[in-house]
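A look at the structure
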Amino acid sequence: MSDIREYVQSHDIFCHHDHHYCYRDFDAQRTKCDYRSLLGYADTDLLVAASLPALQGPLTDAQIAQWWRYARTTGYCQAVSLGCQALFGLAFAPENAEAISAALQASLAGKTAAEVYHYFVHERARNVWTICDSLQAMGLGQALEPEQYPGSYRFTFRLDELYSMVDDGPIATLERFTGRSIQTLEQLAAAVNAAIDLFAETGKLAAIKIGMAYQRDLRVGQPTRAEAERAFVRIRNRAVAWDGLQQHSGAADAATGRALGDYMFHCVLQRAADDDLPVQIHTGYLAGTWGALEGSKALHLIPILNRYRTVRFDLFHASWPWCSEFGAIGKNYPNVWLNMCWAWTMNPAASERALYEWLDAVPFIKIFAYGADTLLPWCNMGYTLQAKQGVTRVLERKVAEGVFSERTAQEVADCILLRNGLVLYGLD
Ligand SMILES: [Zn+2]
């Protein structure tokens, strides 16, 4: 083992992105967790291997057995294999399904949820800090119940529906959450700020998270207040007029929502600027299949990066497959940090090339190497090992080529694995 390999493998690591269940939700399902819970994102590669447009219900044992064989070489599946082998000493293979399920349940037996999280996240994966966001609207209850998570977790404020409104769903969510009535655009903006206040009061709010690439493209316009107001009134009134009606006029709704969504995006960015809160934005490839990829590239955010120069943008997922231009963004905009969370597993080879390139162009204080992006604590093992494997290979190559000394490689590892995250999120 090279010195740098050993150094990276034993290094603590900052997890920039996860969706872990709170203890309560975890406990509600822990006894049902079997070998399939290790799959994480790999289920979509099985779907693609099977050329299925969609799954009707969860993958069956027979489907996994049939399609794992052809998908097992992808990054998603490599993470599953790495995690399974490291945690249970078993190859992830259909013939080991029962043994893996038994080993997983044995590792949970007699442990509280807190002990399970500590064991998998801290002890095994060495994820010393985690920035967690919920997939439920606004992470409701999540940041507000920090005792439902390990003390090493910090949270994001996330309400993606706000930026792609076609109905008053997000408005109703905010009304419930803040106890305020929202009848005007001004009240909507005030309610968003009040919701952020509630998160901030916990002392555990790390960032604003924007995952709107799943609902819309990342091109954000500059609607006037009047345009946004008109959109708000139309959406609000239609919600009332539609009571009991089942009609929907897709394109027009999207156009209406656009002015309001863009306006709210600027409101939230202004709040981030005022409070010096980092902003995490999903860019690049989308989880699942059939995602609208073209609108997700980080390049679309350039007007925003230009406009909010004091906001610290933590841009996600290496913007794969647009990694080279992502590197150029990191070089050109001092307010951008390049984040490789989830990238290693989407495409390990492209991620290695990206990191290798960026280190030639971007100061290494601006790169984050890892975020698992999983729901369950044991899944972090495979994603951590995969990221460390990629980082190791890149640094070994730099040393072998005489570009970095061993000492420089270690310093880069310290920064991209841990230190840069501690500094950006004020945890040092
Ligand atoms: Zn995610």
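What about the overall build of the protein chain?
Scanning the protein chain from terminus to terminus reveals 17 helices and 8 strands. Dimensions of the protein chain along its principal axes, counting C-alpha atoms only, are 65 × 50 × 40 Å. Counting over 428 residues, the protein chain shows a buried share of 46%. For the protein chain, the proportion of contacts with a sequence separation of at least 24, taken over those separated by at least 6, is 76%.

Description of the sheet that holds strand β2 (residues 127-132)
Spatial ordering of the open sheet is given by β1-β2-β3-β4-β5-β6-β7-β8, a layout of 8 strands whose pairing is parallel. Among the strands making up the open sheet, the edge pair consists of β1 (13-18) and β8 (367-368). Across 3 bridges, β2 lies against strand β3 (residues 153-158) in parallel orientation. The residue of β3 that forms the bridge with C132 is F155.

Overview of the pairing of strand β4 (residues 205-210)
By the criterion of burial, β4 is predominantly enclosed, with 6 of the 6 residues buried. With 4 bridges joining them, β3 and β4 adopt parallel strand pairing. Looking at β4, one finds that R158 is bridged to K209. With 3 bridges connecting them, β4 and strand β5 (residues 279-281) associate as parallel partners. Bridge pairing links I208 to V279 in β5.

A short note on helix α4 (residues 61-71)
Within α4 the residues assigned to the buried category are I64, W67, W68 and A71. Buried residues in α4, looked at end-on, bunch into an arc of 120°, giving them a common side. Check the buried side of α4 and you find it contacts α3 (42-49) and α5 (75-88).

As for unusual backbone geometry
The linkage connecting W320 with the following residue, P321, adopts the cis geometry, with an omega of 10°. Note on placement: P321 falls in the loop between β6 (313-315) and α13 (323-332). The residue R126 is not glycine, and still its phi comes out positive at about 55°. Turning to its location among the elements, R126 is positioned in the loop between α7 (113-124) and β2.

With respect to the packing of α5 against helix α16 (residues 379-400)
Where α5 meets α16, the closest approach of the two axes is 7 Å, and the angle between their N-to-C directions is 110°. Classified by the angle between their axes, α5 and α16 sit roughly perpendicular to one another. Like other packed secondary-structure pairs, α5 and α16 cross with a definite hand, here right-handed. Here α5 contributes Q78, A79, V80, L82, G83, A86 and L87 to the contact with α16, which in turn contributes C379, M381, G382, Y383, L385 and Q386. For the contact of α5 with α16, the class distribution of residues is 9 nonpolar, 4 polar and no charged.

Comments concerning the nonpolar core
By size, the foremost hydrophobic cluster in this structure holds 132 residues, and its most contacted members are V192, V279, Y370 and V391. When near neighbours in sequence (up to four residues on either side) are disregarded, V391 contacts V8, L355, A369, A413, I416 and L417.

Considerations on helix α8 (residues 169-178)
Every buried residue of α8 is listed here: P170, I171 and L174. Viewed end-on, α8 has its buried residues packed into an arc of 105°, placing them on one side of the element. Contact partners of the buried residues in α8: α9 (185-201). With its phi angle positive at about 70°, G179 sits one or two positions after the end of α8.

Conventions we followed
- Residues numbered from 1 in each chain as written.
- Predicted model: local features only at pLDDT ≥ 70, side-chain atom pairs only at ≥ 80, totals over all residues.
- Helix = DSSP H or I, 4+ residues; strand = E, 2+ residues; numbered from the N terminus.
- Buried ≥ 20, exposed ≤ 12 C-beta atoms within 10 Å, placed from the backbone.
- Contact = placed C-beta atoms within 7 Å.
- Pairing = 2+ DSSP bridges.
- Arc of directions from axis to C-beta.
- Axes fitted to C-alpha atoms, helices over the stretch in contact; angles between N-to-C directions.
- Parallel < 35°, antiparallel > 145°, perpendicular 65-115°, else oblique.
- Left-handed = near helix turned anticlockwise from the far one by under 90°.
- Nonpolar A, V, L, I, M, F, W, Y, C, P; charged D, E, K, R; others polar.
- Core = buried A, V, L, I, M, F, W, Y, C linked by C-beta atoms within 7 Å.

Interpretation in functional terms is not warranted from these geometric data alone.
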